[in-house]
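Here are the chains, one letter per residue:
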Amino acid sequence: DAGVIQSPRHEVTEMGQEVTLRCKPISGHDYLFWYRQTMMRGLELLIYFNNNVPIDDSGMPEDRFSAKMPNASFSTLKIQPSEPRDSAVYFCASNSQREAFFGQGTRLTVV
Amino acid sequence: AQSVAQPEDQVNVAEGNPLTVKCTYSVSGNPYLFWYVQYPNRGLQFLLKYITGDNLVKGSYGFEAEFNKSQTSFHLKKPSALVSDSALYFCAVRPLDSSYKLIFGSGTRLLVRP
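Let me begin by describing the structure that accompanies this report. (Residues numbered from 1 in each chain as written. Chains lettered and ligands numbered in written order. Predicted model: local features only at pLDDT ≥ 70, side-chain atom pairs only at ≥ 80, totals over all residues. Heavy atoms only, no water.)

1. A closer look at the sheet that holds strand β7 (residues 65–71) of chain A
Residues and elements named next belong to chain A.
Move 1: An order of β1-β3-β8-β7 is seen for the four strands of this open sheet, with the pairing classed as antiparallel. Across the chains shown, the open sheet's two edge strands, defined by having one partner strand only, are β1 (5–7) and β7. Adjacent strand axes in the sheet meet at a mean angle of 15 degrees, parallel and antiparallel pairs treated alike.
Move 2: By the bridge criterion, five bridges tie strand β3 (residues 19–24) to strand β8 (residues 74–79) in an arrangement that is antiparallel. Bridge pairing links Val19 to Ile79 in β8. (Pairing = 2+ DSSP bridges. Helix = DSSP H or I, 4+ residues; strand = E, 2+ residues; numbered from the N terminus. Axes fitted to C-alpha atoms, helices over the stretch in contact; angles between N-to-C directions.)

2. What to know about the side chain of Thr106(A)
Residues and elements named next belong to chain A.
Move 1: Mapping Thr106 onto the fold places it in strand β11 (residues 106–110).
Move 2: Note on Thr106: relative accessible area 0%, which makes it buried.
Move 3: Here Pro8 takes part through its backbone oxygen, which lies 2.5 Å from a polar atom of the side chain of Thr106.
Move 4: In this structure Thr106 touches Gln6, Ser7, Pro8, Arg9, Leu21, Ala88, Val89 and Tyr90, once residues within four positions along its chain are discounted. (Buried < 20%, exposed > 50% of the residue type's maximum accessible area, 1.4 Å probe, protein only. Polar contact = N/O pair within 3.5 Å; in protein donor to acceptor, adjacent residues only side chain to side chain. Contact = heavy atoms within 4.5 Å.)

3. Concerning the nonpolar core
Move 1: Judged by nonpolar contacts, the single largest core of 28 residues is most densely connected at Trp35(B), Leu47(B), Leu48(B), Phe74(B), Leu76(B) and Tyr89(B).
Move 2: Mapped by element, the contributors of at least two residues to this core are β2 (10–14), β3 (19–21), β5 (32–38), β6 (44–50), β8 (64–68), β9 (73–78), β10 (87–94) and β12 (108–113) of chain B.
Move 3: Ranked by size, the runner-up nonpolar core spans 21 residues in total, among them Val19(A), Cys23(A), Ile26(A) and Ile47(A). (Core = buried A, V, L, I, M, F, W, Y, C linked by side-chain atoms within 4.5 Å.)

This is the structure:
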């Protein structure tokens, strides 16, 4: 298995633009998580899904953030409109019964 | 509130010396405990976990961690550090509720000097 795959690896966008981050979890894993990492706040859980259903989105910072999981092999995190304070590394992770496996992250820069 | 504390922002050790990266937690019940490592521009990699049983858990790359229930600690250790161990280390807990979400500490940067 190739592990958790995230795209793009890097994204630079202008303030106000829509940004979509993508994640392909490990096949067979029924939990998917989106985390955000910043120097100031460390690793924050934004939202997680179980069997494609959002379970807890209390970490989503604002209505500008939305996440979907249309099927077991794909999830998106969308920011619309983006702001400079959204600049961070966004990680996707998946797991089943054991430990979580993380993707390599998407480094987002909003200018 | 449930939380994980890593009291040291950075730990410096000389190569060949033992290392300890500290972690304490505040979670009700008996949670699962994890250590992850992050190398530059990479995602988090699983090192080891404690679920139950022996308090000393062995993991990848020669790392081990000791669970201490009375002190609610889960310190990461390695008998002999390598320069290549230099990275960012995260302690995490998974509360024993119905979810699988992880609560992370703030991370500790380990710097091993030659």
